[in-house]
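Notes for the structure review
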Amino acid sequence: MTLSSSTAPPRADDTVRGVLRSPRLLTREALAGIVTTLALVPEVISFSVIAGVDPMVSLVSSVVLAVVMSLLGGRPAMVTAAAGSVALVVAPLVRAHGVEYVLPAVLLAGVIQIAFGTAGLARLMRFIPRSVMIGFVNALGILIFVAQVPHVIDVPWVVYPLFALTIAIVLFLPRLTKAVPAPLVAIVVVTVIVVASGLDQVRTVGDEGPMGGGLPGLTPWLVPFSIDTLMIVLPTALSIAFVGLMETLLTAKLVDDITETPSHKGKESWALGVANIAAGAYGGIAGCAMIGQTVVNVKIGRARTRVSTIAAGLFLLLLVTGLSTVMARIPMVALAAVMMIVAISTVDWHSVRPSTLRRMPLPETLVMVVTVVVVVATGNLAVGVAVGVVLAMVLFARRVAHVLVVHRTIESAGGADRLPGTAPAPDAGRVRYDVVGPLFFGSSNDLVEHFAYADDAARAAETGEATVVVDLTRASVWDASSVAALDSVGTKFAAHGLGVEFVGLDERSGAFHGRLTGQFGE
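Below you will find a few notes about this structure. (Residues numbered from 1 in each chain as written. Predicted model: local features only at pLDDT ≥ 70, side-chain atom pairs only at ≥ 80, totals over all residues. Heavy atoms only, no water.)

1. Quick word on the overall build of the protein
A tally of helices and strands in the protein yields 21 helices and six strands. A compact globule built from 522 residues should have a C-alpha radius of gyration of about 24 Å, whereas the protein, at 30 Å, is more than 25% larger. Summarising its shape, the C-alpha atoms of the protein cover approximately 105 × 60 × 50 Å along the three principal directions. Taking all 522 residues of the protein together, the buried fraction comes to 51%. (Helix = DSSP H or I, 4+ residues; strand = E, 2+ residues; numbered from the N terminus. Rg over C-alpha atoms; globule rule 2.2 N^0.38 Å. Buried < 20%, exposed > 50% of the residue type's maximum accessible area, 1.4 Å probe, protein only.)

2. Brief notes about the environment of Val132
Among the secondary structure elements, Val132 is positioned in helix α6 (residues 130-148). Once the C-alpha coordinates of Val132 and Val367 are considered, the two residues, 235 residues apart in sequence, prove to be 6.4 Å apart. Discounting residues that sit within four places of it in the chain, Val132 has contacts with Val367, Thr371, Val385, Gly388 and Val389. (Contact = heavy atoms within 4.5 Å.)

3. Comments concerning the layout of surface pockets
Over the atoms, a rolled probe matching the size of one water molecule traces out where space is still vacant. Estimated volume of the largest pocket: approximately 590 Å³. Taken together, 27 residues make up the lining of the largest pocket; nearest its centre are Glu43, Phe47, Gly84, Leu143 and Ala147. Among the elements of the structure, α2 (23-51), α4 (84-97), α6, α11 (291-300) and α14 (332-346) are those that each provide at least two residues to the lining of the largest pocket. In terms of residues, the lining of the largest pocket owes the most to one element, α6, which gives six residues. For the lining of the largest pocket, the per-class residue count stands at 17 nonpolar, eight polar and two charged. (1 Å grid on protein atoms, 1.4 Å probe; cavity = no way out; pocket = protein on both sides within 12 Å on 5 of 7 lines; lining within 4 Å. Points joined across faces, edges and corners; volume = space filled by probe spheres on them. Nonpolar A, V, L, I, M, F, W, Y, C, P; charged D, E, K, R; others polar.)

4. A look at the side chain of Asp434
Position of Asp434 relative to the elements: it lies in strand β4 (residues 431-439). When its relative accessible area of 0% is taken as the criterion, Asp434 is described as buried. Only 3.4 Å separates the side chain of Asp434 from the side chain of Arg432, close enough to count as a polar contact. (Polar contact = N/O pair within 3.5 Å; in protein donor to acceptor, adjacent residues only side chain to side chain.)

5. Observations concerning the packing of aromatic side chains
Considering all chains together, one arrives at eight aromatic pairs under this definition. Considering the side-chain rings of Phe451 and Tyr453, the 6.2 Å spacing of their centres and the 35° angle between planes classify their relative orientation as tilted. Neither residue differs from the other here; Phe451 and Tyr453 are each classed as buried. Clustering of aromatic rings is evident, with ring pairs tying together Tyr433, Phe451, Tyr453 and Phe493. (Phe/Tyr/Trp six-rings, centres within 6.5 Å; stacked < 30°, edge-to-face > 60°.)

6. Thoughts on the sheet that holds strand β5 (residues 467-477)
Taken in spatial order, the four strands line up as β3-β4-β5-β6 in an open sheet, and their pairing is mixed. Looking at the sheet topology across the chains shown, the edges are occupied by β3 (405-410) and β6 (499-503). If you compare each strand with its neighbour and ignore which way they point, the axes differ by 20° on average. Direction of pairing for β4 relative to β5: parallel, over a ladder of seven bridges. Bridge assignment links Asp434 to a residue of β5, and that residue is Asp471. Together, β4, β5 and β6 form the strand contacts of helix α20 (residues 480-495), whose direction differs from that of β5 by roughly 170°. (Pairing = 2+ DSSP bridges. Axes fitted to C-alpha atoms, helices over the stretch in contact; angles between N-to-C directions.)

That is the geometry; function is a separate question.
So this is what it looks like as structure tokens:
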């Protein structure tokens, strides 16, 4: 028997100590962090525009988030920064009340995330179905790709050869060597070409927003410390907290699958809260896991440890402070080409093959498609996942509601008519119903229709047997609706002059039924 991922010892290249002892692994992790940073910068700047804050605010916050999560987080190699999903949530608050209300909203969101993580609520992630997860990943790939399209549409002709060159380097350089990440080589080569040739018509990172050097101080508190302020920021804080948690935990689960290593979701949750409080206090805006950049880190850069994300945070700090002019000259087309390749590799192409779709149950495919459509339509991963989970729950309840079966038999002295695994027949001649399947609100609503009340009453008049047995050995009672349905069955039999004996309930179901039966009125 092989060990599971939760018990198998970590490989040397999956530990910080192993990386620090190996120059080759240390180089791999550091270069992966550098590539990730270069892929991170344009998106962070773009998201700052969406949120309505200064680009430097998002960049500095991303430095804080990356470093803090590298030290405290529960998922090594996952990149955390000022993300678009959080920017979408913050933007309405900034428009309605001003940027000064972002700090209290971020601090409160951090407190909520810490409470979520320490309470162990991250375990709720297990209730997200695989079809929703696949929809999340596919939608993310689409969003990443679409976000890059403006950088290659309606641009000067010279952009297209640079785009093709970047694609070629990224795709073909790994066939020659993997010592240096191909995206890093592509970005450096294209940047040198643009700068050396004086191609001013090619848009650069500097065109996306100001790249002034230096660091801001602590974020000042500029709003009243009052209940009114709390009421203003509370809805946004809740959205920041749960959107950030959802995207972070889904990304962590994805990285678990890619790297075949486990993560600590509870630790990741409360660490995100600490990181957001730190980013709010020194920077100004919240963030969460950046799945596109994380894919760059773990797939293209082949990073596996916290060293890569610390390197990313420190390199971003270097870019913000000392190399801002260099960062500003990186062509957007090079970064767009890299991110398009990341987007294509992010999509689970196996899930959309015709052969796969033919084999998959229709409800599973429907959940995946709806998740993708909602995410792409709203641009919000959290909304799409929430809709997908709710739809999956409804479809699951609908399927389970139809698995309930009720068998009617006449007890014989030898019990020959009894279903296997059911309680033995104490008396011959009685009518017996064997209920098979889970009893809950979806399946129990029509339970009363499975019994032949008039026929049983007529038979009782002939035999003198006035009791009906309902065997629940192969059923479980899960909610009050089921208890009420069983009470209704008893009431209907009583109206026909018959008594009902419910037998076979397991200990939990019996205790639950005993506590609630008779409490629902007539």
